[in-house]
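Single-letter residue listing:
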Amino acid sequence: MAKVILIDVGEQPKVCEIKEGYKEKLRIVEGDYLECVTLDDKFEKVMYINESGKLDGLPINHVATQIYRHYLPTDDVIAGNAVICACDSEGEACDLTEEQINEILGLLA
C-alpha cells in the first residue's frame, strides 16, 4: 500500500492508501495510459494523470492544476483525476511523508 493524495475532479484532495502498481494508478485516473509529471527538481514528488485526458475531453481538474502550476511555470491544465505520490531513489512510487503531504495541501489554503 502507498500513502498518496487523490485529487478527483470536483472534489477536495484526500490522503489515503492505495494498492501499489501501475494498474491501480491507471484505474484511478480512468485512462489507458499514465503520464507521470515530476513536481520538483529532485524527483521526490510526482503526479500521475491520464495521458490523454485532454484529448478524451475529461473535465479540468482545478485543484490538480493549481498544484501543478505551483511547481511548474505553465499555463497547461490537468484533465481528469490525479494521484500524487513520492518517489524513492530508484524512481519507484512510494509513500508521501507527512511533510510532503502538508506542503502540498498547504498550497490550497
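Now for a description of the structure that goes with this document. Here the structure is a predicted model, which means the values were calculated and not measured. (Residues numbered from 1 in each chain as written. Predicted model: local features only at pLDDT ≥ 70, side-chain atom pairs only at ≥ 80, totals over all residues. Heavy atoms only, no water.)

## Points about the nonpolar core
To be explicit about the condition: To define a nonpolar core, start from buried Ala, Val, Leu, Ile, Met, Phe, Trp, Tyr and Cys residues and group those joined through side-chain atoms within 4.5 Å. Between buried and exposed lies partly exposed: a residue is buried under 20% and exposed over 50% of the maximum accessible area for its type, with that area taken using a 1.4 Å probe on protein chains only. Per the convention used, a helix needs a DSSP run of H or I reaching at least four residues, while a strand needs a run of E reaching at least two, with both numbered from the N terminus. The criterion used for residue contact is that any of the two residues' heavy atoms lie within 4.5 Å.
Formed by 18 residues in total, the largest nonpolar core has its most connected members in Ile7, Leu39, Met47, Ile67, Ile84, Leu96 and Ile104. Elements with a contribution of two residues or more to this core: β1 (2-7), β4 (45-50), α2 (62-71), β5 (82-87) and α3 (98-106). Broken down by element, this core gets its largest block of residues, five residues, from α2. Sequence-distant contacts of Leu96, that is, excluding residues within four places in its chain, are made with Lys3, Val4, Ile5, Ile84, Cys85, Ala86, Ile101 and Ile104. Of all hydrophobic cores here, the second largest spans 14 residues; its members include Ile18, Val29, Val83 and Cys87.

## Observations concerning α2
Every buried residue belonging to α2 is among Val63, Ala64, Thr65, Ile67, Tyr68 and Tyr71, and all of these are buried. The secondary structure elements touched by the buried residues of α2 are β1, β3 (34-38), β4, β5 and α3.

## Some points on the pattern of salt bridges
Side chains bearing opposite charge may pair, as long as their charged atoms lie close to each other. Cut-off, in case you're wondering: Basic side-chain nitrogens of Lys or Arg form a salt bridge, by our definition, when they fall within 4 Å of a carboxyl oxygen of Asp or Glu.
The final tally for this structure, using the stated rule, is six salt bridges. In this structure, the salt-bridge partner of Arg27 is Glu24, at a minimum N-O distance of 2.7 Å. Note that Arg27 and Glu24 are positioned in helix α1 (residues 22-29) at a spacing of three residues, about one turn of the helix. Measuring nitrogen to oxygen at the nearest pair gives 3.3 Å for the salt bridge that ties Glu103 to Lys45. Of the two residues, Glu103 is situated in helix α3 and Lys45 in strand β4; the sequence distance between them amounts to 58 residues. Taken together, the salt bridges that share partners define one network made up of Asp40, Lys45 and Glu103.

## Examining the side chain of Asn50
As a reminder, the rule being used: Here a polar contact means two N or O atoms within 3.5 Å. Within protein one must be a hydrogen donor candidate and the other an acceptor candidate, and residues neighboring in sequence count only if both atoms are side-chain atoms.
Note that Asn50 resides in strand β4. A residue is classified by how much of its surface remains accessible, and Asn50, at 3% relative accessible area, is buried. Of note is the side chain of Asn50, whose polar atom sits 3.4 Å from the backbone oxygen of Val29. Ignoring any residue separated from it by four or fewer positions in sequence, one finds Asn50 in contact with Val29, Glu30, Gly31, Tyr33, Asp56, Leu58 and Asn81.

In short, geometric facts, not functional conclusions.
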